[in-house]
Amino acid sequence: MSLLILKNIFRIYQIGDIEVRALNGVDVDVERNEYVSIMGPSGSGKSTLMNIIGCLDTPTKGGYELDGMVIHQEVKDGTGIASDDQLAVIRNQKIGFIFQTFNLLPRMTALHNVELPLIYGGVPRAERLERAQAALEQVQLADRMHHKPNELSGGQRQRVAVARALVNNPSIILADEPTGNLDSKTSHDIMDLIDNLHKEGNTIILVTHEHDIAERANRVIHMLDGKIHEDNKKK
Amino acid sequence: MDFKEIYLSARSSIRQNRLRSFLTLLGVVIGIFSIIGVMTAINVLQQTVEDNMGGLGAGTFQVQKYPNMNMGNTRWRYHNRKNLDYRDFKRLQERLVIVDYATAEDWNYGKILRYKDKETKPNIVVAGITHNWEFTNNLKIDMGRMITQLDEKNGSHVIVLGYDVLDVLFPNRNPIGEAIKIDGVKYRVIGVSERKGQQFGQSQDNRSYIPLTTYFKYYGQASFTSLNYCFTVVDQDQFEEGMQEVINELRIIRGDKFGEENSFETWTNASLIDNFNKMTAAIKIAAGIIASIALLASGIGIMNIMLVTVSERTREIGVRKSLGAKRRDILYQFMLEALILTEMGGVIGIAIGVLAGNIVALLLKISVVFPWDWAIIGIVVCSAIALIFGSYPAYKAASLDPIEALRYE
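So, a few notes on the structure that sits alongside this text. In this text, all values refer to a predicted model and were calculated from it rather than measured experimentally.

**What to know about the packing of aromatic side chains**
Think of a pair of aromatic rings as described by two things: how far the centres are apart, and how the planes are tilted against each other in angle. Residues and elements named next belong to chain B. Scanning all chains against the criterion turns up 14 aromatic pairs over all chains. Ring plane angle 45° and centroid distance 4.4 Å describe the contact between Tyr115 and Phe170, whose orientation is recorded as tilted. Within this pair, whereas Tyr115 is found in strand β3 (residues 113-115), its partner Phe170 is found in the loop between α7 (163-169) and β8 (179-182), the two being separated by 55 residues in sequence. Grouping residues by exposure puts Tyr115 and Phe170 together as buried. Between Tyr215 and Phe216 the ring centres are 6.3 Å apart and the planes differ by 70°, which places this aromatic pair in the edge-to-face class. Of the two residues, Tyr215 and Phe216, neither departs from the other in class, the shared state being buried.

**Topic: helix α1 (residues 3-16) of chain B**
All names here are of chain B. With 14 residues, α1 ought to run about 20 Å at 1.5 Å a step, and its terminal C-alpha atoms sit 20 Å apart, in line with that. Of the residues making up α1, those classed as buried are Glu5, Ile6, Ser9, Ala10, Ser13 and Ile14. In an axial view of α1, the angular spread of the buried residues amounts to 165°, which keeps them on one side of the axis.

**Considering the nonpolar core**
Counting 74 residues, the largest nonpolar core has Leu4(A), Leu6(A), Ile53(A) and Ile205(A) as its most contacted members. Ranked by residue count, the leading element in this core is helix α12 (residues 327-363) of chain B, at nine residues. Setting aside residues up to four positions removed in sequence, Ile205(A) forms contacts with Leu4(A), Val30(A), Val36(A), Ile38(A), Met50(A), Ile53(A), Ile172(A), Ile173(A), Leu174(A) and Ala175(A). In this structure, Leu113(B), Leu161(B), Tyr163(B) and Leu166(B) belong to the second largest nonpolar core, which totals 43 residues.

**A few points about the sheet that holds strand β1 (residues 4-15) of chain A**
Residues and elements named next belong to chain A. Spatially, the four strands line up as an open sheet ordered β2-β1-β4-β5, and their pairing is antiparallel. Across the chains shown, the open sheet's two edge strands, defined by having one partner strand only, are β2 (18-30) and β5 (69-72). For this sheet the average axis-to-axis angle between neighbouring strands, irrespective of direction, equals 25°. Inspection of the sheet shows β1 paired to strand β4 (residues 61-66) by five bridges, in the antiparallel sense. If you follow Ile5 over to β4, its bridge partner there is Glu65. Here helix α2 (residues 84-94) sits on the sheet in contact with β4 and β5, set at roughly 130° to β5.

**Details of the environment of Ile330(B)**
Residues and elements named next belong to chain B. Tracing the backbone shows Ile330 in helix α12. Look at Ile330 and you get buried, because its relative accessible area is 0%. Along the sequence, Ile330 and Ile317 sit 13 residues apart, while their C-alpha atoms lie 7.4 Å from each other. Excluding residues that lie within four positions of it along the chain, Ile330 makes contacts with Ile317, Arg320, Lys321, Ala325, Ala397 and Ala398.

Parameters and conventions
Residues numbered from 1 in each chain as written. Chains lettered and ligands numbered in written order. Predicted model: local features only at pLDDT ≥ 70, side-chain atom pairs only at ≥ 80, totals over all residues. Heavy atoms only, no water. Phe/Tyr/Trp six-rings, centres within 6.5 Å; stacked < 30°, edge-to-face > 60°. Helix = DSSP H or I, 4+ residues; strand = E, 2+ residues; numbered from the N terminus. Buried < 20%, exposed > 50% of the residue type's maximum accessible area, 1.4 Å probe, protein only. Expected span 1.5 Å × (residues − 1). Arc of directions from axis to C-beta. Core = buried A, V, L, I, M, F, W, Y, C linked by side-chain atoms within 4.5 Å. Contact = heavy atoms within 4.5 Å. Pairing = 2+ DSSP bridges. Axes fitted to C-alpha atoms, helices over the stretch in contact; angles between N-to-C directions.

This is the structure we're talking about:
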């Protein structure tokens, strides 16, 4: 059974009289423990697709199932869409985000940043601390736990963000240009880390415009004009 | 999300912007300070007025020519009234049935008392009193005895001293039986009244008491000055009847015509406190208005600063939402931040207000008060401000679209 099923997804923006079709009928299935990269020129709809998969955005039309849960149902009158708070819970429990700009909270220590998803998930303090520490150890940052983001290098910041994405044992890890703000050496370190997460059994969806990074995945989806242009699975 | 986390996050963001937070809560401080300061000062005065009445027991009331507390310059209205004199007092005393103790008194200020080569400062108050005065005025005797009916009848030259006199004229020795002089007239010391300490920064021990009849010989005839009459009804249930009895009898003695108002004033502790409260009510209302305006302004300041905070932290809100924060989590976070900010201002305002209000107490050397009721009202008002003015910014934060918020630069 597929982990993620997108069925006939449309995302249409109305800007004045002009109708912009960011997604124009997308169908994707992703299996558990797949490693998918999404490529495409800017404006092709790859970010919109990521936002819908990440439950940050809701489709104008179409159906979305994640981990056996119906998140959006394809119905004509547009009902069957999850509420903001329901989406928040799904984001909290099923999805781990890794952003291009890290998006760590600057006033908090690395440890506290990693704890955040657990705080919103209502995990008790002692367990929270233990799991956050374990996640930081997994990204080899145990010694930087009590540093704030501005005391860390770019690569270290992104590793904190990876730990934060992992800490809730999500169904999918979504990485949106995770190496976009890093030099090539650090990019390789981070990608090795993400490769490892895949080997450990995680499902990963990666948006990138760099071919060598996309090639690390075992499936590459090319998007163009709001549609899937190519979908290549490696053996 | 537990409140400790929200609290820590709110506190760290307030600390991040120390100056801005301080300026914002200054408004709250001023508002709360003005109300607490005035209320504390009034409470101090009230406490003192009540303490000061300690002399007049619960079952006691006074009769005077002039009202005790006078709003406006209306003294002339009472000036033409006939003085309350000793002859009327004696006639009244004979007629009273319900009233247990009736006394009359007059005061003469700035006297010097001499014993051999020693003399006091010219600040001694000499009171001419009738017997039983210790009952109507709650006066306690430390040594010797009080003025008796016989002293009053004979116009004896006897005196009861306060401790201020004793400390100067008879340090560390028993004065009973010694002869002292006031204005060249000799008096025999028969008693010493209990030490009372200070009130309104004034010594209460500078009084000395002589029989009223003796007093008249040297300090004016009964017709020149108007006396204070003082009455005590021991049985509380009879107090109203006792007061009515005095009023009725005194009207007859003084020839007040039917339908005219009394040609004298009566007052009790309760009526005095009542008058005081009427006077302070106006001050309280003024303080309330000033504080309301200051608090309204500070509420707007808080709303403004919270809106700035929300827009500065749009991205943070986006990140929190992407990690699973619900609307409620964001709402609570910003509400609590507004609440902490205003409560900090409130607590500082209460502290400064109580200190400032008690400066009155320190100046008058009377006991310090802490107005618990107003402090609690202050905290409640601060919470209300935080809720009213913090809710819109917090609502705005909670309603942000996560994608827009994450893209915000």
